[in-house]
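These are the residues of each chain, in order.
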Amino acid sequence: MELGRITAAYGVKGWIKVQPHSAQAEVLRSVKQWWLLRPVPQAARGSAAPVPVAHAIVQSRAQGSTVVAQLAGLSDRDQAEALRGCVVLASRSAFPQPGEDEYYWVDLIGCDLYSTAEGPAQLLGRVEEVLDNGAHAILRVARLRAEAEGQAPQPVLDAKGRPADMLVPFVQAHIHGVDLAARRIDSDWPVEY
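Here the structure is a predicted model, which is why all the values come from computation and not from measurement.

1. Details of the overall build of the protein chain
Phase 1 of the analysis: Helix and strand counts for the protein chain stand at three helices and 13 strands.
Phase 2 of the analysis: Relative to its length of 193 residues, the protein chain is extended, with a C-alpha radius of gyration of 21 Å against a globular reference of 16 Å.
Phase 3 of the analysis: The principal-axis extents of the C-alpha atoms in the protein chain amount to approximately 65 × 40 × 25 Å.
Phase 4 of the analysis: By residue count, 34% of the 193 residues in the protein chain fall in the buried class.
Phase 5 of the analysis: In the protein chain, once contacts between residues fewer than 6 apart in sequence are set aside, the share between residues at least 24 apart is 53%.
Phase 6 of the analysis: Roughly 11300 Å² of accessible area belongs to the protein chain as shown, and the carbon and sulfur atoms make up 52% of that amount.

Following this line, the structure appears as structure tokens:
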């Protein structure tokens with residue numbers, strides 16, 4: 001799972017600075033091994049895919065909104081600077097278990113969102129992205145319309161023929177249940193067709 005990107009060397013002893021993709025960088029600091037992947041230059045697209053390289057973490061800590069870390073085998077600034085731009089990945093199995101009623105955002109992507117606001121559960125759409133607005137998470141949901149039983153749901157299109165989406169606050173007031181095994185989220189969000 002992609003957790004951040006190396007933005008610079010930190011200090012002169014081979015430490016690196018990582019910009020996490022999430023404001024909650026605990027996972028990035030808690031794992032003992034990162035996989036680093038070099039970005040593919042635009043000109044090289046279509047060639048063999050780069051392979052992530054494992055690096056043991058000696059130390060890591062928060063530094064403002066970033067994380068700084070010392071990787072095993074890196075001892076000077078030039079080595080650290082050579083890693084600038086690398087994507088930082090971690091094994092999903094290394095993530096700590098979330099608490100009750102806590103979810104990793106990545107696990108919510110792909111779940112179907114249902115509404116019970118107007119009687120029996122109706123499919124609203126599929127979670128495409130989870131955003132942070134500072135106060136809480138927001139689900140960006142690609143609108144879907146359930147067709148006849150046994151048929152795949154079809155995208156809802158806006159007035160210009162583009163796939164429609166909606167934003168749903170991921171808060172207890174609107175979200176009543178999350179079943180990751182069934183890939184389903186139940187809500188009271190109104191059905192807007």
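Back to the write-up after that little detour.
2. Some remarks on the environment of Leu74
Phase 1 of the analysis: Its location among the elements puts Leu74 in the loop between strand S5 (66-71) and helix H2 (77-81).
Phase 2 of the analysis: For Leu74, the residues in contact, after removing those within four places along its chain, are Lys13, Gly14, Ile16, Gln79, Ala80 and Leu83.

3. Some thoughts on the UniProt feature "domain: Ribosome maturation factor RimM PRC barrel" (unreviewed entry) in the protein chain
Phase 1 of the analysis: UniProt marks residues 105-192 with the feature "domain: Ribosome maturation factor RimM PRC barrel" (unreviewed entry), using the numbering shown here.
Phase 2 of the analysis: In the segment residues 105-192, helix accounts for 5% and strand for 47%; the C-alpha atoms at its two ends are 25 Å apart.

4. Brief notes about the pairing of strand S2 (residues 15-20)
Phase 1 of the analysis: In this sheet, S2 lies alongside strand S1 (residues 2-10) in antiparallel orientation, the contact comprising six bridges. Among the inter-strand pairings, Ala9 is bridged to a residue of S2, identified as Ile16.
Phase 2 of the analysis: Hairpin connection from S1 to S2: four residues lie between these consecutive antiparallel strands, with Gly11 at a positive phi of about 75°.
Phase 3 of the analysis: Across four bridges, the pairing between S2 and S5 is antiparallel. Paired with Val18 across the bridge in S5 is Val67.

5. Let's talk about the confidence of the model for the protein chain
Phase 1 of the analysis: Taken residue by residue, the protein chain gives an average pLDDT of 88. The fraction at 70 or more is 94%.
Phase 2 of the analysis: Mean pLDDT across the elements of the protein chain ranges from a minimum in helix H1 (residues 26-30), with 83, to a maximum in strand S13 (residues 184-187), with 96.

6. Re the nonpolar core
Proteins that are soluble and globular tend to have nonpolar side chains buried together.
Phase 1 of the analysis: In this structure, Ile6, Ile16, Leu28, Trp34, Leu36, Leu71 and Leu83 are the most contacted members of the largest nonpolar core, which totals 23 residues.
Phase 2 of the analysis: Of all the elements in the fold, those that place two or more residues in this core are S1, S2, H1, strand S3 (33-37) and S5.
Phase 3 of the analysis: When residues no more than four places from it in sequence are discounted, the contact partners of Trp34 are Ile16, Val18, Leu28, Val53, Ala54, His55, Ile57, Val67, Ala69, Leu71, Val88 and Leu89.
Phase 4 of the analysis: The next biggest cluster of nonpolar side chains, apart from the first, holds 17 residues, and it includes Leu108, Ala137, Phe170 and Ile185.

Definitions and limits used
Residues numbered from 1 in each chain as written. Predicted model: local features only at pLDDT ≥ 70, side-chain atom pairs only at ≥ 80, totals over all residues. Heavy atoms only, no water. Helix = DSSP H or I, 4+ residues; strand = E, 2+ residues; numbered from the N terminus. Rg over C-alpha atoms; globule rule 2.2 N^0.38 Å. Buried < 20%, exposed > 50% of the residue type's maximum accessible area, 1.4 Å probe, protein only. Contact = heavy atoms within 4.5 Å. Areas by Shrake-Rupley, 256 points an atom, 1.4 Å probe, with all protein chains shown as cover. UniProt positions renumbered as here; feature names shortened; annotations may be inferred. Pairing = 2+ DSSP bridges. pLDDT = per-residue confidence, 0-100. Core = buried A, V, L, I, M, F, W, Y, C linked by side-chain atoms within 4.5 Å.

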